[in-house]
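Chain by chain, the residues run as shown.
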Amino acid sequence: MNTGDGANGGYRQTRLVSSKGDTLYVKAYYWGLTNDKQLSTVADTDEPIGWGNQRRADIVVGLDPFLYRFAQDTLTLYARAPLPHFPIRAPSVVVQYREVTNPEYMTLFHQLSKTP
């Protein structure tokens, strides 16, 4: 889902569904003259995030907060800095947090951007 006109901010979310039907959402709210500000999170609800959510413990601030891979009911989150714990209630999904170096992150970025 992609909404927003860019000038006033926008919202994106990606829906991930496990083999057992549990659903997760990777969400991003962005704003700024060139959309150069961003809030991101992972949640088990499709409730949008926005400007008012900046101080929530499960929100990551920044343009490149994490990369993710969802395969075989495992969501792996890759980040260059520690991520907050995302309070996800999806019993059939395993969430793995991986802190990686910048070179590893860039390699993953290129690999994941080619994945359909």
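Everything discussed here concerns the structure shown above.
Residues numbered from 1 in each chain as written. Predicted model: local features only at pLDDT ≥ 70, side-chain atom pairs only at ≥ 80, totals over all residues. Heavy atoms only, no water.

Participant: What is the right way to read unusual backbone geometry from this model?
Facilitator: Across residues other than glycine, the phi torsion is negative in most instances, and most of the peptide bonds are trans. For Asn 35, which is not glycine, the phi dihedral falls at a positive 55°. For Asn 35, the position within the fold is in the loop between strand 3 (23–31) and strand 4 (37–43). Positive phi outside glycine occurs at Asp 73, with the angle close to 65°. Residue classification places Asp 73 among the buried residues on the basis of a relative accessible area of 17%. (Helix = DSSP H or I, 4+ residues; strand = E, 2+ residues; numbered from the N terminus. Buried < 20%, exposed > 50% of the residue type's maximum accessible area, 1.4 Å probe, protein only.)

Participant: Hey, could you run me through the nonpolar core in this one?
Facilitator: Generally speaking, soluble globular proteins have nonpolar side chains that are buried together. Ranked by internal contacts, the top residues of the largest apolar core, which has 14 residues, are Leu 24, Val 42, Phe 66, Leu 75, Leu 77, Leu 83 and Phe 86. Elements that contribute at least two residues to this core include exactly strand 3 and strand 7 (74–79). With three residues, the top contributor of residues to this core is strand 7. Once you skip the residues sitting within four places of it in the chain, Val 42 turns out to touch Tyr 25, Val 26, Phe 66, Leu 75, Leu 77, Phe 86 and Ile 88. (Core = buried A, V, L, I, M, F, W, Y, C linked by side-chain atoms within 4.5 Å. Contact = heavy atoms within 4.5 Å.)

Participant: When you look at helix 1 (residues 102–113) in this model, what are you seeing that I'm missing?
Facilitator: Because each turn of an α-helix spans 3.6 residues, side chains separated by three or four positions end up pointing in the same direction. Taking 1.5 Å of rise per residue, the twelve residues of helix 1 would be expected to cover 16 Å, and the 16 Å separating its terminal C-alpha atoms lies within 8% of that figure. By the burial criterion, the buried members of helix 1 are Tyr 105, Leu 108 and Leu 112. The buried residues of helix 1 occupy an angular sector of 65° when projected down its axis, which confines them to one face. Elements in contact with the buried residues of helix 1: strand 6 (67–71) and strand 7. (Expected span 1.5 Å × (residues − 1). Arc of directions from axis to C-beta.)

Participant: What am I meant to see in the side chain of Lys 27 here?
Facilitator: Secondary-structure assignment places Lys 27 in strand 3. Despite its burial, Lys 27 remains without a salt bridge, the nearest opposite charge being carried by Glu 47 at 6.5 Å. A polar contact is formed between the side chain of Lys 27 and the backbone oxygen of Glu 47, at a distance of 2.5 Å. Look past the residues within four positions of Lys 27 in its chain and what remains in contact with it is Tyr 11, Arg 12, Gln 13, Leu 39, Ser 40, Thr 41, Ala 43, Thr 45, Asp 46, Glu 47 and Ile 49. (Lys, Arg positive; Asp, Glu negative; His and termini not counted. Salt bridge = Lys/Arg side-chain N within 4 Å of Asp/Glu carboxyl O. Polar contact = N/O pair within 3.5 Å; in protein donor to acceptor, adjacent residues only side chain to side chain.)

Participant: How do you make sense of the pairing of strand 4 when you look at a structure like this?
Facilitator: Two faces, one strand: in a regular strand the side chains alternate between the faces of the sheet. Within strand 4, six of the seven residues are buried, which leaves the element mostly enclosed by the surrounding structure. Note that strand 3 and strand 4 share seven bridges and pair antiparallel. Residue pairing for strand 4: Tyr 30 is matched across the bridge by Gln 38. Here strand 3 folds back onto strand 4, and the loop between the two strands holds five residues, one of which, Gly 32, carries a positive phi near 110°. Sheet topology note: the strand 4/strand 5 (residues 60–61) ladder contains two bridges and is antiparallel. Along strand 5, the bridge assignment pairs Leu 39 with Val 61. (Pairing = 2+ DSSP bridges.)

Participant: Where do I start with the packing of aromatic side chains in this structure?
Facilitator: The relation between two aromatic rings is expressed through the spacing of the ring centres and the mutual angle of the planes. The tally for this structure, following the rule as stated, stands at four aromatic pairs. Between Phe 86 and Tyr 97, the aromatic rings sit 6.2 Å apart at their centres with planes inclined by 20°, giving stacked as the arrangement. With a gap of eleven residues between them, Phe 86 in the loop between strand 7 and strand 8 (94–99) and Tyr 97 in strand 8 connect regions that are remote in the sequence. An aromatic cluster is built from Tyr 29, Trp 31 and Trp 51, whose rings are joined through pairwise contacts. When the ring centre of Tyr 105 is taken as reference, the NZ or CZ atom of Arg 80 above it lies at 3.9 Å. (Phe/Tyr/Trp six-rings, centres within 6.5 Å; stacked < 30°, edge-to-face > 60°. Lys NZ or Arg CZ within 6 Å of the ring centre and 35° of its normal.)

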